[in-house]
Amino acid sequence: MTDITTGAPAGRARGGSASLKGAGLLALGIAAALAAGFGLGGDPFLLNLAGYTCGFAIFALSVNVMLGGLGEVPLGHCMFYGIGAYAPAMAMNHAGLPYEAGVAIGMVVAALIAAPIGWLTLHLTGAYFSIVSWGLSGVAMVTALNLDVTGGPLGLFGFSRLAVGPFDLSRPQTYFFVAAAILLAVLVVLYHVRGSRFGRAMEAIRQGPHLARSLGIDVFRERLKALVLSAPIAALAGALSLPYTQIVTPEVMSVLRTVDALLAALIGGVGLIFGPAVGAVIFTILPQFLDLDPNVKVLVFSLLIILVMVAAPGGLHQLWKAAAARLSHARKGDAP
Amino acid sequence: MKLRAKAALAALAVLVATPAAQAADPVKIGMVLPLTGPTAGYGKDGKLGADMAAAEINAAGGILDGREIELVYEDEKGAPQDGVAAVQKLMTRERVQAIIAGMNSSITLAESAITKNRILHVNPAAQADAITAQGSPWLFQINNTASTNATIFHTYLTEQMAPKAIAVMGENTEFNKAVLENLREIVGESSVELAEIATYDGATTDFTSIITRLKSTGADMIYVIDAYPARTAQIWKQIRQQGGFPMEAHAVGTVQRSAIVPAEGAMEGVITADIFIAEGATGDMARFIDRFTEQNGVAPNKVSLVVYEAVKVVAGAMDKAGSADDYALISDTLRGNVWTTPRGALSFDDNGRAKAPYFYIHKVTGEDVGLLDTFEVE
Amino acid sequence: MDLLIQTLINGLILGAGYALVAVGLTVIFGTLHIVNFAHGAFFALGAYATLLIERAGAPYLLAIPLAVLCVAAIGFALEATIVRRALYDQGEHGSIIVTFAISQAIVAAIILVVGPDPLPVPSPFGQTAVSVGGFFLSAQRIFIAAASVAVLAGFALWLRRSVKGQQILAVSQNARGALYSGINVPLIRSLSFLLGIAAAGLAGALMGPMISAFPTMGDANVIVAFTVVILGGLGSIGGAMLGALVIGLGNALFETYVSVSWTPALGWVLVILVLLLRPQGLMGRAQLDRH
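Reading guide: rules and limits
Going along each chain's sequence as written, the residues are numbered from 1 onward. Just so you know, chain letters begin at A and ligand numbers begin at 1, following the order they were written in. Local features in a predicted model are, by the rule used here, given only for residues with pLDDT of at least 70; side-chain atom pairs are given and counted only at 80 or more, and totals for whole chains, interfaces and linings are based on all residues. UniProt positions are given in the numbering used here, feature names are shortened, and annotations may be inferred rather than shown by experiment. Where helices and strands are cited, they refer to DSSP runs of H or I of at least four residues and of E of at least two residues respectively, numbered from the N terminus. Exposure classes come from backbone-placed C-beta atoms, where a residue is buried if 20 or more other C-beta atoms lie within 10 Å of its own, exposed if 12 or fewer do, and partly exposed in between. Throughout, a pair of residues is in contact if the C-beta atoms placed from their backbones lie within 7 Å. Residues are sorted three ways: Asp, Glu, Lys and Arg are charged, Ala, Val, Leu, Ile, Met, Phe, Trp, Tyr, Cys and Pro are nonpolar, and all the rest, Gly among them, are polar. Paired strands, as defined in this entry, are two strands with at least two bridges between them according to DSSP. The split into domains, and so the bounds of each, comes from an automatic or database assignment of domains. Axis definition: a line fitted to C-alpha atoms, over the contacting stretch in the case of helices. Angles run 0 to 180 degrees between N-to-C directions. Oblique is the label for any angle not covered by the other classes, which are roughly parallel (under 35 degrees), roughly antiparallel (over 145) and roughly perpendicular (65 to 115). Helix crossings are classified by the rotation of the near helix relative to the far one: an anticlockwise turn of less than a right angle makes the crossing left-handed, while a clockwise turn makes it right-handed. Scored from 0 to 100, pLDDT reflects the predictor's confidence in each residue. Here, a nonpolar core means buried Ala, Val, Leu, Ile, Met, Phe, Trp, Tyr and Cys residues linked by C-beta atoms lying within 7 Å of one another. Take the residue count of a helix, subtract one, and multiply by 1.5 Å to get its expected span.

- Going by an unreviewed UniProt entry, chain C carries the name Amino acid/amide ABC transporter membrane protein 1, HAAT family and comes from Albimonas donghaensis.
- If you open the UniProt record of chain C and go to Sequence similarities (unreviewed entry), you find "Belongs to the binding-protein-dependent transport system permease family. LivHM subfamily."
- In its Subcellular location (unreviewed entry) section, UniProt records this for chain C: "Cell membrane".

- As annotated in an unreviewed UniProt entry, chain A carries the name Amino acid/amide ABC transporter membrane protein 2, HAAT family and comes from Albimonas donghaensis.
- Listed under Subcellular location (unreviewed entry) in UniProt, the entry text for chain A is "Cell membrane".

As structure tokens, this is what we get:
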């Protein structure tokens, strides 16, 4: 909870130190992406998966705007992810528009839909909000299943050209680099949001809505802003899944997608700005190397998640911090 | 020093190049099946068939001058995303030489977008016509298409059983859509009336009201289109509880013991059809059923059979073509030959669709289906 | 007219089943503020336990209570090892993730131990349907409805009249206040969790003969149960019964007279409409920290 979260705004006020730390982290991120991109050069599967993971990390970040930012569990966030995946698919297959235009349309539509949905549901909190949000994604899924423009149960596939400008996303390495660049850009945006007035208002609301209100913060409006900010990010993530999945079906709006993102955010640490991204990597790449019977794998993975949640409810980084604290403690003890 | 290195390299080269080493190098085939999730039962049945086929091929000395078949399984979890992930992993990480994938039609379509023009893909069971209508040169299908199966079955329903009006209920899936389209066509040409079509969502928990609605139309035949065993059993129980219909039918290729047993007798007498039947089997089929039952302690079902055939056909075509990775050649070989399977002679058309030699009309009897009628497929 | 009566009968009986699945969810939420996503898995365990006990030779009516005990025992083990440590007072985030993981683990374990194929759960009521004046009533459904009403009424009475029941209500209204007035809050929480899980197991045991036992049998039923408890008001047993009735009748009428394929959306639309007017659900207590 300390590191970047509370450190950033405070440091910003003091001057350069926090943004320096931020720049350092960004450089680290770029270096990691380059290393991964070229290091995995010979393995198109891992590169594709890494590209998809970047998209999934963006979704986890979007979910974390609600989870870490407001303290709400947006189970229905998969609806915005789905809108983001359907928009370019429909733009390409029905209107002959390029992929990029479809992505932009998806993000705008997601933001436009988020406003009335937020207006309807953000008066609710806690389990009520979570479950109603889940329900709305269920309605969206039934809609996608019953309409013709969405391709009904079959979904949409056979896309013309998945590319961003000159970058052809059907090439695994390009896909990964584009997705990683977008992920870093989203991280930068969220970092700035967190340091802004709006970010501080969100933090105040999360810690205590009543106190925030008494400080003159319009709690409902700030919550609405958070949802309208996170929806297009989720849509972007959905659009980035297309080069990997090659098809959009109503199943894209399954609540399981949100649950995965929630797991990624919680395992990586909701208080850390890059926590969800780290969690997403752990969550998608790790199971690929567990060579077990599929059902045993589910069993082992579920038990691991439970173990982490029992041992470190704040995310894995809590374990690191505890270990580091113990280590420095031990050192101090030895010193004299 | 240089010389020694060269010698070592040469020794290594000899070691690598020995025919024995090459012969031991297995041909890897990627198997994508639902091993977890709601359709895990199909994955279990398919795996039994595939393992048996591989064991038989290897016991007979393998293919391509003694190379063994190695099956690599991945789980598609009953979801398109996971099907795609499984196929990509098998192709690029496991470097398999062919993909056998296809139970659910939507998932198979997603998978075929990845395999198109890149690797040999054999779809054992998924039926939707859209799969093989894409014009993928290296995509083949063992099961009949939904429209081939449906045309025979729907003609049988309208002409032989000749109801006045049919009421239809089915899950909202691609398979259902294909079957319904065909039904509308066939019924349109007959004097039979389509009383009502109810398409329900996969999350539906109860069917009583749907059945009440369908009964109220006065239709004398109910026709259920659903491929999930548990739901199939539940629907027929509820149909029975509301007094049933004079004539009752269930979609082609979806009725197995896994649905009939939990239905606890509620499916007795329901008419369905498939490309496989255990009753009255003779020759190769009887031997296949005996071997399978002996090895696994259970009788094979259609899923086990088509996956078994898929492995056999892939291995046979590779062997005959003399290559495990020249897909154009293997595909030509597949189309240009007739393949002997437990069902009889199987051949593939230009779209990669198999023509099953026989088609059987079934009637649910006891805990399995009984044979009602046999058609030869033109 | 006949169609309307049959549809209303369908809806009422359906609602009784929904109430049975929903009551466990609402008890656990009311007292522990845990959103229990593993409810469906315990529902499935209830059906499998019934089936296995019947195979061991016990008749169905005896197998039901034994199965409920089995599920409660598994719930007790999980409560003592995981839930107590990870979830109490940890907010809703943790509970969603942990209960979801528990549910996945249980489903995988069922596939590994029993297998993925659906299995029949034999019941003496079997497929018999009672025909009254031309209207069909399934015997198993009448049994479920009767059991549901009896169990729910008994439970509500117990909560009002017994000391333990009063304590559960006290903890669900104000845990800290209950602690200060000398109530053993940890014990009451464990008890509530067990009651909720046992209710899920009972629902599975009763509904198993209708829907067969299969690993993911709880999924769809729990989604409906969630709409039911949200509609009625989380934590309120009366609310769960009313919500179940509304959704059962609503679904039946909508399916018969409007559209089958849009029915799954109906429950949610009802929920959203009700919450717009009454944010705490039909019978829930108003939350203090609303915005």
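So, next bit.
### A word on the overall build of chain A
For step 1, the next point in the chain: Within chain A, the regular secondary structure consists of 15 helices and four strands.
For step 2, the next point in the chain: Residues classed as buried in chain A amount to 53% of the 336 residues present.
For step 3, the next point in the chain: In chain A, once contacts between residues fewer than 6 apart in sequence are set aside, the share between residues at least 24 apart is 74%.

### Topic: the interface of chain A and chain C
For step 1, the next point in the chain: Each partner contributes to the interface: chain A provides 38 residues, whereas chain C provides 39 residues.
For step 2, the next point in the chain: Elements represented by at least two residues in the side of chain A that touches chain C include exactly α6 (126–146), α9 (209–214), α10 (219–240), α12 (255–268) and α14 (294–311) of chain A.
For step 3, the next point in the chain: Tallying contributions element by element places α6(A) first for the side of chain A that touches chain C, with twelve residues.
For step 4, the next point in the chain: Its residues assigned to classes, the side of chain A that touches chain C comprises 27 nonpolar, ten polar and one charged.

### Observations concerning the sheet that holds strand β11 (residues 339–341) of chain B
Residue and element names in this part refer to chain B.
For step 1, the next point in the chain: Taking strand neighbours across the sheet as the criterion, the three strands line up as β11-β12-β13 in an open arrangement whose pairing is antiparallel. The sheet terminates laterally at β11 and β13 (354–355), the two strands that pair on one side only.
For step 2, the next point in the chain: The sheet contact formed by β11 and strand β12 (residues 344–348) spans three bridges and is antiparallel. Paired with Thr 341 across the two strands is Gly 344, which belongs to β12.

### Observations concerning the pairing of strand β14 (residues 358–365) of chain B
All names here are of chain B.
For step 1, the next point in the chain: Pairing of strand β10 (residues 271–274) with β14, which is carried by four bridges, proceeds in the antiparallel orientation. Opposite Ala 273, over in β14, you have Ile 361 as the bridge partner.
For step 2, the next point in the chain: Across eight bridges, β14 lies against strand β15 (residues 368–376) in antiparallel orientation. Residue pairing across strands places Ile 361 opposite Asp 373, the latter belonging to β15.

### Examining the domain arrangement of chain A
Residue and element names in this part refer to chain A.
For step 1, the next point in the chain: What the domain assignment reports for chain A is domain 1 (2–289) and domain 2 (293–336).
For step 2, the next point in the chain: Listed per partner, the contact involves ten residues of domain 1 and eight residues of domain 2.
For step 3, the next point in the chain: Counting residues per element, the side of domain 1 that touches domain 2 draws most heavily on α12, at four residues.

### As for unusual backbone geometry
For step 1, the next point in the chain: Residue Gln246(A) is not a glycine yet carries a positive backbone phi of 65 degrees.
For step 2, the next point in the chain: Of note, Gln246(A) is situated in the loop between α11 (242–245) and β4 (247–248).
For step 3, the next point in the chain: The backbone phi angle of Asp65(B) is positive, close to 60 degrees, even though this residue is not glycine.
For step 4, the next point in the chain: Locating Asp65(B) in the fold gives a position in the loop between α3 (40–59) and β2 (69–75).

### Remarks on the interface of chain C and chain B
For step 1, the next point in the chain: Taken together, the contact between chain C and chain B spans 34 residues of the former and 35 residues of the latter.
For step 2, the next point in the chain: Elements with a minimum of two residues in the side of chain C that touches chain B: α1 (2–32), α4 (91–113), β2 (135–138), α8 (185–211), α9 (218–232) and α10 (237–257) of chain C.
For step 3, the next point in the chain: The element that contributes the greatest number of residues to the side of chain C that touches chain B is α1(C), accounting for five residues.

### Structural notes on the packing of helix α4 (residues 78–95) of chain A against α10(A)
All names here are of chain A.
For step 1, the next point in the chain: One can describe the packing of α4 onto α10 by two numbers: an axis separation of 6 Å at closest approach and a directional angle of 50 degrees. As far as their axial angle goes, α10 and α4 are oblique. In the crossing of α4 with α10, the sense of the turn from one axis to the other is right-handed. Seen from α4, the contacting residues are Phe 80, Tyr 81, Gly 82, Ile 83, Gly 84, Ala 85, Ala 87 and Pro 88; seen from α10, they are Ala 231, Ala 234, Ala 235, Leu 236, Ala 237, Gly 238 and Ala 239.
For step 2, the next point in the chain: Here the contact of α4 with α10 is built from residues that sort into twelve nonpolar, three polar and no charged.

### Some details on the environment of Val364(B)
All names here are of chain B.
For step 1, the next point in the chain: Note on placement: Val 364 falls in strand β14.
For step 2, the next point in the chain: Val 364 gets classed as buried once you count the C-beta atoms within 10 Å, which come to 23.
For step 3, the next point in the chain: Taking C-alpha positions, Val 364 is 5.2 Å from Glu 268, a pair spaced 96 residues apart along the chain.
For step 4, the next point in the chain: Setting aside its immediate chain neighbours within four residues, Val 364 contacts Val 255, Ile 260, Met 267, Glu 268, Gly 269, Val 270 and Val 369.

### Focus on helix α7 (residues 146–161) of chain B
Residues and elements named next belong to chain B.
For step 1, the next point in the chain: Every buried residue of α7 is listed here: Ala 146, Thr 148, Asn 149, Ala 150, Ile 152, Phe 153, His 154, Leu 157 and Thr 158.
For step 2, the next point in the chain: Lining the buried residues of α7 we find α6 (129–132), α8 (174–188), β9 (247–250), β10, β14 and β15.
For step 3, the next point in the chain: Positive backbone phi, approximately 45 degrees, marks Ala 162, located one or two places after α7.

### Digging into the confidence of the model for chain C
Residue and element names in this part refer to chain C.
For step 1, the next point in the chain: In this model, chain C carries an average pLDDT of 85, and 95% of its residues clear a pLDDT of 70 or more.
For step 2, the next point in the chain: When mean pLDDT is taken per element in chain C, helix α2 (residues 39–55) scores highest with 95 and strand β1 (residues 129–132) scores lowest with 78.
For step 3, the next point in the chain: With pTM at 0.85, the complex prediction returns an ipTM value of 0.87.

### Side note on the packing of helix α8 (residues 197–207) of chain A against α10(A)
All names here are of chain A.
For step 1, the next point in the chain: Two numbers describe how α8 lies on α10: the axes approach to 10 Å, and their chain directions differ by 115 degrees. With respect to α10, the element α8 is oriented roughly perpendicular. Crossing handedness for the pair α8 and α10: left-handed. Contacts between α8 and α10 involve Phe 198, Ala 201, Met 202 and Ile 205 from the first element and Val 219, Glu 222, Arg 223, Lys 225 and Ala 226 from the second.
For step 2, the next point in the chain: Its residues placed into classes, the contact of α8 with α10 shows six nonpolar, no polar and three charged.

### A closer look at the UniProt feature "transmembrane region" (unreviewed entry) in chain A
For step 1, the next point in the chain: Under the local residue numbering, the UniProt record ascribes the feature "transmembrane region" (unreviewed entry) to residues 22–40, 46–66, 78–95, 101–120, 174–193, 224–242, 262–286 and 298–320 of chain A.
For step 2, the next point in the chain: In residues 46–66 of chain A, the share of helix is 100% and the share of strand is 0%. The end C-alpha atoms are 30 Å apart.

### Observations concerning the UniProt feature "transmembrane region" (unreviewed entry) in chain C
All names here are of chain C.
For step 1, the next point in the chain: According to UniProt, the "transmembrane region" (unreviewed entry) feature falls on residues 12–38, 58–83, 95–115, 135–159, 191–211, 223–249 and 256–277.
For step 2, the next point in the chain: Helix makes up 78% of residues 12–38 and strand 0%, and the two end C-alpha atoms of the span are 26 Å apart.
For step 3, the next point in the chain: As a span, residues 58–83 carries 92% helix and 0% strand, and end to end its C-alpha atoms are 32 Å apart.

### Structural notes on the environment of Ile110(C)
All names here are of chain C.
For step 1, the next point in the chain: Looking at the secondary structure, you find Ile 110 in helix α4.
For step 2, the next point in the chain: Overall, the presence of 22 C-beta atoms within 10 Å leaves Ile 110 in the buried class.
For step 3, the next point in the chain: Separated by 25 residues in sequence, Ile 110 and Arg 85 place their C-alpha atoms 25 Å apart.
For step 4, the next point in the chain: When near neighbours in sequence (up to four residues on either side) are disregarded, Ile 110 contacts Ala 44, Tyr 48 and Pro 215.

### Details of the nonpolar core
For step 1, the next point in the chain: Within the largest apolar cluster, 334 residues are counted, with the highest numbers of intra-cluster contacts made by Ala60(A), Leu262(A), Val311(B), Val314(B), Ala22(C) and Val71(C).
For step 2, the next point in the chain: Excluding residues that lie within four positions of it along the chain, Ala22(C) makes contacts with Ala225(C), Val228(C), Val229(C), Ala240(C), Gly243(C) and Ala244(C).

### Description of the sheet that holds strand β5 (residues 139–141) of chain B
Residues and elements named next belong to chain B.
For step 1, the next point in the chain: Spatially, the five strands line up as an open sheet ordered β2-β1-β3-β4-β5, and their pairing is parallel. Because the sheet does not close on itself, it has two edges, and the strands there are β2 and β5. When the angles between neighbouring strand axes are averaged without regard to direction, this sheet yields 20 degrees.
For step 2, the next point in the chain: Bridge count between strand β1 (residues 27–33) and strand β3 (residues 98–101): four bridges; the pairing is parallel. Within β3, the residue paired with Met 31 across the bridge is Ile 100.

### Some details on helix α5 (residues 99–121) of chain A
Residues and elements named next belong to chain A.
For step 1, the next point in the chain: With 23 residues, α5 should reach 33 Å at 1.5 Å per residue; the first-to-last C-alpha distance of 32 Å fits that figure.
For step 2, the next point in the chain: Every buried residue of α5 is accounted for by Tyr 99, Gly 102, Val 103, Ile 105, Gly 106, Met 107, Ala 110, Ala 114, Ile 117, Gly 118 and Thr 121.
For step 3, the next point in the chain: Structurally, α5 contributes buried residues whose contacts are with α4, α6, β2 (163–164) and α10.

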